[in-house]
Amino acid sequence: MASTPPTASAAPAVKRDRTHYLYIAVIVAVALGIAVGLIWPDAAVELKPLGTGFVNLIKMMISPIIFCTIVLGIGSVRKAAKVGAVGGFALGYFLVMSLVALAIGLVVGNILHPGEGLHLTNAIKDAGHAQVSADALPPVDFVLSIIPVTFVSAFTEGQVLQTLLIALLTGFALQAMGRAGVPVLRGIEHIQRLVFRILAMVMWAAPIGAFGAIAAVVGSAGLDALKSLAVLMLGFYITCVLFVFVVLGALLRVVAGLNVFTLLKYLGREFLLILSTSSSESALPRLIAKMEHLGVSKPVVGITVPTGYSFNLDGTMIYMTMASLYIADALGTPLSVGEQIPLLLFLLLASKGAAGVSGAGLATLAGGLQSHKPALVDGVGLVVGIDRFMSEARALTNFAGNAVATVLIGTWTKEIDKERVQEVLAGRLPFDERTLLDENESATPAEPSGDGGERELAKA
């Protein structure tokens, strides 16, 4: 009889080991993809649908996850003003950090001057103009596009900001209903559990997706593109590393008293997933689940993470700055500081209008240059060959920026359980990889009128 409890408790551990093997398989798949891309480049390019298919599987889960997370978070908060405070802190922080990222890229780009001595061909010019996306919207049209055509179309069109708007309205409505809204909240929580369970199933396709994505990138670019643009790539990667570990690390230490290395280690599997798919969206649902598990309240996570994916693109800001200076140098028309600042501020605004556009980094760069400095569009073709390699650094930096932002805003608004944060980062409260949900999470949502609902996940 004494052996029964150990046997019962061993079963969940086996399941966690299986998810551990899953991410080992992702690493192996990435290595195989690189090998296939170098040895059989033509065949490797044909494997791109494997990576695209996996990312699309993840994307189809984003809207329902954001909706459930925000509705449950807002519905359990007594005062609507608290949600407004979170949104105000988030937007203010995102604007400041975007400007900081632009400034850092500006300094590094002016030091390196990586584009000097390059020559343009007609093919490169055509490739640059082909990157100008018609999907990027001017600021006014972008704001109007946040309003969905119908309540349901916010989910069917896959627009994150439209889903965010519908979720906010639903959450506030349930909050106003008081106790009458509790059954609806309970139903939405069950839907959230179902969605996360489906996501856990989808994750088992990650090795296949990683293999196809990496093989296609290496096969299409090859070593020649890497060699010719190595200075730009190396400078960009170093700049992103400095931004994450110096700028964001210092902020995290001063404001929240946390070590950035510890936080990023906690998100290690998400970084591997982004690295293998070159898409930060593939890790968005997991970031939401892990930030809630960490001890940040649901309203903060539900508002900060989805909004950050559209407005807090630190890696993209650095990329656009350095790429713009690179192109100007390559065309033999280097920009003075007086010309650089207006261009970059324009790109800062243009990037918001391209939120959600596929390949937004390159499309935003081309579209912004077309609108503000048309002569530079010819040179966009110079970076097309290595854009996918740089998109990995963009995605990793964007993801790290949003993770840090969630902790910072949770700290500023006092919507974070600091004791739980320490327990989780120390490994004493492990994240449940089987369902992407907290093992100790209450099965019933808190009533909107109760104070305890404001930090539901902090009750572990």
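Owing to the predicted nature of the structure, the values given are computational and were not obtained by experimental measurement.

Peer 1: Would you mind going over the overall build of the chain with me for this structure?
Peer 2: Each helix and strand in the chain was counted, giving 21 helices and zero strands. Classification of the 460 residues of the chain by burial places 53% in the buried group. Once local pairs closer than 6 in sequence are excluded, the contacts in the chain between residues at least 24 apart make up 84%. Here the chain displays about 19,100 Å² of accessible surface, and carbon together with sulfur accounts for 67% of that area.

Peer 1: Can you walk me through the packing of aromatic side chains in this structure?
Peer 2: Aromatic ring pairs are reported here in terms of the distance separating the ring centres and the angle at which the planes meet. Here the structure, examined in full by the defined rule, presents seven aromatic pairs. Their ring planes at 20° and their centres at 4.9 Å tell us that phenylalanine 245 and phenylalanine 261 sit as a pair that is stacked. With phenylalanine 245 in helix H11 (residues 230–256) and phenylalanine 261 in helix H12 (residues 260–266), the pair connects residues that are 16 residues apart, well separated along the chain. Here phenylalanine 261 falls in the exposed class, since its relative accessible area comes to 54%. Both rings, one in phenylalanine 271 and one in phenylalanine 399, keep their centres 5.2 Å apart while their planes meet at 80°; by these two values the pair is edge-to-face. Taken together, the residues phenylalanine 271 in helix H13 (residues 268–277) and phenylalanine 399 in helix H20 (residues 387–412) connect sequence positions 128 residues apart.

Peer 1: Before we go on, may I ask you to explain unusual backbone geometry in this structure?
Peer 2: Excluding glycine, most residues fall at negative phi; most peptide bonds, likewise, are trans. At lysine 414, a residue that is not glycine, the phi angle is positive and equals roughly 55°. Tracing the backbone through its elements, the reader meets lysine 414 in the loop between H20 and helix H21 (418–425). Lysine 414 gets classed as exposed once you look at its relative accessible area, which sits at 66%.

Peer 1: What is the right way to look at helix H15 (residues 298–311) in this model?
Peer 2: Along an α-helix, residues three or four positions apart point the same way, because every turn accommodates 3.6 residues. Over its 14 residues, H15 runs 19 Å from end to end, which matches the ideal 20 Å to within 8%, given 1.5 Å per residue. Burial of H15 is extensive: 14 of the 14 residues sit out of reach of the surface.

Peer 1: Just to check I follow, could you spell out the pattern of salt bridges for this structure?
Peer 2: Between side chains of opposite charge, pairing is possible as soon as their charged atoms come close. Summed over all chains, the structure comprises three salt bridges. One salt bridge connects glutamate 270 with arginine 286, and the closest N-O pair in it is separated by 2.5 Å. With glutamate 270 in helix H13 and arginine 286 in helix H14 (residues 284–294), the pair connects residues that are 16 residues apart, well separated along the chain. Each of the two residues, glutamate 270 as well as arginine 286, counts as buried. With a shortest N-O distance of 3.2 Å, glutamate 270 and lysine 290 are connected by a salt bridge. Taken together, the residues glutamate 270 in helix H13 and lysine 290 in helix H14 connect sequence positions 20 residues apart.

Peer 1: I'm lost on a nonpolar patch on the surface in this one. Help?
Peer 2: A cluster of nonpolar side chains, namely Leu234, Ile238, Val241, Leu242, Phe245, Val246 and Phe261, defines an oily patch on the protein surface of about 660 Å² accessible area. Among the elements that take part in the nonpolar patch, H11 stands out by supplying six residues, more than any other.

Peer 1: Before we go on, may I ask you to explain the packing of helix H8 (residues 160–177) against H15 in this structure?
Peer 2: Geometry of a packed helix pair, given as the angle between the helix axes and the separation of the axes. With their axes 10 Å apart at the nearest point, H8 and H15 run at an angle of 155° to one another. The angle between the axes of H8 and H15 places the two elements in the roughly antiparallel class. Between H8 and H15 lies a crossing of left-handed hand. Residue-level contacts link Val160, Leu161, Leu164 and Leu168 of H8 to Gly302, Ile303, Pro306, Thr307, Ser310 and Phe311 of H15. Residue composition of the contact of H8 with H15, by class: seven nonpolar, three polar and no charged.

Peer 1: Sorry, what's going on with the environment of glycine 105 here?
Peer 2: Counting through the fold element by element, glycine 105 comes out in helix H4 (residues 80–112). A C-alpha to C-alpha distance of 9.4 Å links glycine 105 and leucine 325, two positions 220 residues apart in sequence.

Peer 1: What should I look at first to understand the nonpolar core in this one?
Peer 2: Where a protein is soluble and globular, its nonpolar side chains tend to be buried together. Judged by nonpolar contacts, the single largest core of 115 residues is most densely connected at Leu252, Tyr266, Met291, Leu294 and Val407. In terms of residue count, the dominant contributor to this core is helix H3 (residues 48–75) (12 residues). Once you skip the residues sitting within four places of it in the chain, valine 407 turns out to touch Leu252, Ala256, Leu258, Leu263, Met291, Leu294 and Ile416.

Peer 1: Quick question: what am I supposed to make of the UniProt feature "transmembrane region" (unreviewed entry) in the chain here?
Peer 2: UniProt annotation of "transmembrane region" (unreviewed entry) refers to residues 21–40, 60–77, 89–112, 160–182, 194–218 and 230–256 when read in the numbering used here. Split by type, residues 89–112 is 100% helix and 0% strand. Its first and last C-alpha atoms lie 35 Å apart.

Peer 1: Is there a simple way to think about helix H16 (residues 314–330) in this case?
Peer 2: Here H16 is 17 residues long and its end C-alpha atoms lie 24 Å apart, about the 24 Å a rise of 1.5 Å per residue gives. Judged by how many residues are buried, H16 sits mostly within the fold: 17 of 17 residues are covered. Positive phi appears at glycine 332, one or two residues downstream of H16, with a value of about 75°.

Peer 1: Whenever I open this one, the side chain of glutamate 270 confuses me. Can you help?
Peer 2: The buried category is assigned to glutamate 270, whose relative accessible area is 0%. A distance of 3.2 Å separates the side chain of glutamate 270 from the side chain of lysine 290, its partner in a polar contact.

Peer 1: Would you take a moment to explain the confidence of the model for the chain for this structure?
Peer 2: In low-pLDDT regions, the fine details of the predicted coordinates are not to be read closely. Per-chain confidence: the chain averages 75 in pLDDT, with 73% of residues scoring 70 or above. Here helix H5 (residues 122–130) stands out as the element of the chain with the lowest mean pLDDT, 47, in contrast to H12, whose mean of 92 is the highest. The low-confidence segment residues 1–17, where pLDDT is below 50, has three contacts with residues more than four positions distant or belonging to other chains.

The rules behind these values
- Residues numbered from 1 in each chain as written.
- Predicted model: local features only at pLDDT ≥ 70, side-chain atom pairs only at ≥ 80, totals over all residues.
- Heavy atoms only, no water.
- Helix = DSSP H or I, 4+ residues; strand = E, 2+ residues; numbered from the N terminus.
- Buried < 20%, exposed > 50% of the residue type's maximum accessible area, 1.4 Å probe, protein only.
- Contact = heavy atoms within 4.5 Å.
- Areas by Shrake-Rupley, 256 points an atom, 1.4 Å probe, with all protein chains shown as cover.
- Phe/Tyr/Trp six-rings, centres within 6.5 Å; stacked < 30°, edge-to-face > 60°.
- Expected span 1.5 Å × (residues − 1).
- Salt bridge = Lys/Arg side-chain N within 4 Å of Asp/Glu carboxyl O.
- Patch = residues over 30% accessible without salt bridge, like charges linked within 9 Å, V, L, I, M, F, W, Y side chains within 5 Å.
- Axes fitted to C-alpha atoms, helices over the stretch in contact; angles between N-to-C directions.
- Parallel < 35°, antiparallel > 145°, perpendicular 65-115°, else oblique.
- Left-handed = near helix turned anticlockwise from the far one by under 90°.
- Nonpolar A, V, L, I, M, F, W, Y, C, P; charged D, E, K, R; others polar.
- Core = buried A, V, L, I, M, F, W, Y, C linked by side-chain atoms within 4.5 Å.
- UniProt positions renumbered as here; feature names shortened; annotations may be inferred.
- Polar contact = N/O pair within 3.5 Å; in protein donor to acceptor, adjacent residues only side chain to side chain.
- pLDDT = per-residue confidence, 0-100.

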